[in-house]
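# Residue-level structure breakdown
Given next are the chains, with one letter for each unit.
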Amino acid sequence: MTTTLAAGADLFERHREKLDKAREAIRTRAYYSAFRESPSGKIYGETAAADGKAAFDARLGTPFALEQPSSGEAAGSERSPYGIALGVRYPAPDVDALLAAARAAGEAWGAASVETRTGVALEALARLNARSFEIGHAVMHTTGQAFVMAFQAGGPHAQDRALEAVAYAYDEMSRVPASVVWEKPAKPEPLRVTKTYTIVPRGVDLTIGCSTFPTWNAYPGIFASLVTGNAVIVKPHPQAVLPLAITVEIVQGVLREAGFDPKVVQLAVDTAEKPLAKVLAQRPEIALIDYTGSTEFGDWLEANSRALVYTEKAGVNSVVIDSTGDLKGMIRNLAMSLSLYSGQMCTTPQNLFVPKDGIAAGDERLTFDEVVAALVKGIDGLLGDPERAAGVLGAIATDGTLRRIDEENAKPGVVRASAPLTNPEFPDARVRSPLVAVVDAADRERYDREAFGPIAFVVRTADTDESLRLATS
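Heads up: these notes are all about the structure in this document. No experiment lies behind these values; they were computed from the predicted model shown.

### With respect to a negative patch on the surface
- A contiguous patch of negative charge on the surface is contributed by D363, E364, D369 and E370.
- You can see E370 is positioned in helix 15 (residues 368-382).

Take a look at the structure:
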C-alpha cells in the first residue's frame with residue numbers, strides 16, 4: 001500500500017493546480033475549462049488528428065481486451081449511423097464474477113486516501129484528453145454526431161464535466177477532518193475527546209450510458225463515484241459502447257500503474273436482445289446508480305432498485321414566441337436549434353407556442369402562417385448547402401428515431417416533412433432533415449410527450465397567456 005499511496009500522492013500534486021482552479025470555479029460560478037475544445041494541431045499536436053483516426057481505425061473489426069472477468073463469449077452490435085462497419089467485439093460479462101471482482105477491488109480503493117483517489121482520477125482525465133481524437137471518432141460513429149461536435153462533446157466537454165464532479169466530490173470530502181480533539185471547559189479538568197473520522201464509500205456504482213452522448217452523460221457519475229471510493233460498473237448503451245470501452249481501458253491503465261486492481265472500473269456490455277441494466281440494477285451489490293435516458297426506464301429504476309438512484313430523464317423543451325425585435329436572428333437561432341445533431345439532444349426545443357393572431361416583429365405584425373413560413377424558410381436556408389447540412393445534422397443514431405420520424409411524417413399538419421439528405425463524405429449515412437408540424441393547442445396528445453429526434457411542433461394557441469400556461473404545464 002505504501003507504493004500505491006506514494007503514486008497517488010504524486011499524481012495529486014501533478015494535477016493540483018487544475019483541481020484548485022476547478023474548485024475555485026464551483027465556488028465563484030465563473031467560467032473555467034481545463035480542456036481545450038478546439039480540435040487543433042496547435043493545441044493537441046500536429047499529428048494528433050491523424051494518430052487519433054488511425055487508433056480508431058485499428059479498433060474496427062477487432063476484439064476489445066479489458067482486464068475483467070468474462071463469460072468467455074463476445075458481445076457487440078454497434079453500427080455506425082454513417083454506414084461504415086464497426087465490428088468491435090467486447091468481452092461479455094459474467095455478472096456474478098463482475099460484481100464479485102468490483103467488491104474485491106473496491107476494498108483497497110475505498111481505503112486509499114482522498115488525495116490518492118483524486119490524483120488517479122485527474123491523471124485519467126489527462127490521458128483521456130490526450131486521446132480526444134480517437135474518442136471523437138468513436139463517439140461520431142456510434143452516436144451519429146458530426147465530428148467536431150463528437151470531438152467537443154465526447155472529449156473536452158465531457159472531461160470538463162468529469163473534472164467538475166471530481167472538484168465537488170473532493171471539496172465535500174475535504175471538509176471532513178481526519179481527527180480532532182473536542183474539548184469542553186470544566187473543573188477540575190476539561191472534558192476532552194479525541195475523535196477520528198473516516199469517509200466510507202457506499203459500494204458499487206452502476207453507471208448506465210445513453211446512445212447519444214455516451215461520455216458526456218456518463219463521466220460525472222463514473223468520476224464522482226471513483227473519487228468517493230466506489231468501484232464502478234459501466235453499462236453502456238448497446239449502440240454506443242466503444243467510447244466508454246476506451247474510457248474504461250484508460251482508467252484501468254492508470255489504476256494499474258498506481259498499484260490498484262484495475263477492476264475498480266469494469267465494462268458490462270449487453271445487447272438489445274439480452275439487456276443487462278435491469279439485471280444489474282436489482283442486484284444487492286449495487287449501491288449507487290447513475291442513469292441518463294428515457295423517463296420510463298428512469299422511473300422503473302427509481303421504483304425497483306434498492307440503490308441510491310440518480311437520473312437525468314427526458315423532457316419536452318418549449319419556446320413561447322410572443323414578439324421579437326430581430327426576426328431574422330430569432331429564426332436563425334431556432335433553425336439551428338432544431339437542426340443541430342438532428343434534434344437528438346436533451347436541449348433541443350420541441351414545442352414552439354405561437355398565438356393564432358400572430359406576433360409583433362419590430363414595426364411589423366406577422367400572421368401565424370407567416371411565422372411558420374419564416375421558420376420553414378430558415379431551416380431550408382441553413383441546410384441548403386450539402387456540406388454545411390452534413391456538419392449540422394450529423395446522422396440518426398437509432399432505428400427507433402427513424403421510425404418515429406416516419407410516423408410523424410404520415411400525420412396531419414406537417415408543413416415541412418423530414419426527408420433523407422446525402423452526406424458527401426459518407427454516402428450510406430442515415431441523415432434526415434427536421435420535420436415541422438402545425439398542431440392546435442387542444443391536440444395535446446400529439447405534442448405533450450417527447451418526440452425525440454428532428455421533430456418540432458408549432459402549437460397554435462389563443463394568446464401568449466395560453467402559450468405560457470401550456471409551456472409551464
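Anyway, onward from the coordinates.
### Looking at the sheet that holds strand 14 (residues 364-366)
- Read across the sheet, 3 strands follow the order 11-13-14 without closing on themselves; strand pairing throughout is mixed. The sheet is open, and its two borders are formed by strand 11 (323-324) and strand 14, each paired with just one other strand.
- Summarising the sheet, strand 11 and strand 13 (residues 359-361) pair through 2 bridges and their orientation is parallel. Note that in strand 13 the partner of T324 across the bridge is A361.

### With respect to the nonpolar core
- Y90, Y219, I222, F223, L267, L375 and V458 are the most contacted members of the largest nonpolar core, which totals 93 residues.
- In this structure, I222 is in contact with T207, V232, V234 and L244, ignoring residues within four places of it in sequence.
- Counting residues in hydrophobic clusters, the runner-up holds 21 residues, among them L276, I289, Y291 and F297.

### Digging into the environment of I84
- Inspection of the secondary structure assignment puts I84 in the loop between strand 1 (74-75) and strand 2 (90-91).
- C-alpha of I84 to C-alpha of V376: the two residues are 292 residues apart in sequence and 32 Å apart in space.
- Setting aside its immediate chain neighbours within four residues, I84 contacts F56, H141 and F426.

### Things to note about helix 16 (residues 386-393)
- When helix 16 is considered as a whole, its buried residues turn out to be A389, A390, V392 and L393.
- Those residues of helix 16 that are buried are in contact with helix 14 (327-339), helix 15, strand 16 (420-421) and strand 17 (431-432).
- Downstream of helix 16 by a residue or two, G394 has a phi angle that is positive, lying close to 65°.

### Considerations on unusual backbone geometry
- The residue after K187, namely P188, is reached through a cis peptide bond having omega 0°.
- Along the polypeptide, P188 turns up in the loop between strand 3 (179-184) and strand 4 (191-196).
- For Y341, which is not glycine, the phi dihedral falls at a positive 50°.
- Summarising the element assignment, Y341 is placed in the loop between helix 14 and strand 12 (349-355).
- What makes Y341 buried here is its relative accessible area of 1%.
- The residue S342 is not glycine, and still its phi comes out positive at about 50°.
- Counting through the fold element by element, S342 comes out in the loop between helix 14 and strand 12.
- Owing to a relative accessible area of 0%, S342 belongs among the buried residues under this scheme.

### Focus on the environment of D428
- Considering the arrangement of structural elements, one finds D428 in the loop between strand 16 and strand 17.
- Given a relative accessible area of 58%, D428 falls into the exposed group.
- For the pair D428 and Y82, spaced 346 residues apart in the sequence, the C-alpha separation amounts to 6.0 Å.
- Ignoring sequence-local partners within four residues, the contact set of D428 consists of P81, Y82 and G83.

### Brief notes about the pairing of strand 8 (residues 286-293)
- Within strand 8, 7 of the 8 residues are buried, which leaves it mostly tucked inside the rest of the structure.
- Relative to strand 8, strand 5 (residues 204-208) runs parallel, the two being bridged by 5 bridges. Along strand 8, the bridge assignment pairs I208 with Y291.
- With 6 bridges connecting them, strand 8 and strand 9 (residues 308-313) associate as parallel partners. Each residue of the ladder has a partner; that of G293, found in strand 9, is K313.

Rules used throughout
Residues numbered from 1 in each chain as written. Predicted model: local features only at pLDDT ≥ 70, side-chain atom pairs only at ≥ 80, totals over all residues. Heavy atoms only, no water. Patch = residues over 30% accessible without salt bridge, like charges linked within 9 Å, V, L, I, M, F, W, Y side chains within 5 Å. Areas by Shrake-Rupley, 256 points an atom, 1.4 Å probe, with all protein chains shown as cover. Salt bridge = Lys/Arg side-chain N within 4 Å of Asp/Glu carboxyl O. Lys, Arg positive; Asp, Glu negative; His and termini not counted. Charge placed at Lys NZ, Arg CZ, Asp CG, Glu CD. Helix = DSSP H or I, 4+ residues; strand = E, 2+ residues; numbered from the N terminus. Pairing = 2+ DSSP bridges. Core = buried A, V, L, I, M, F, W, Y, C linked by side-chain atoms within 4.5 Å. Buried < 20%, exposed > 50% of the residue type's maximum accessible area, 1.4 Å probe, protein only. Contact = heavy atoms within 4.5 Å.

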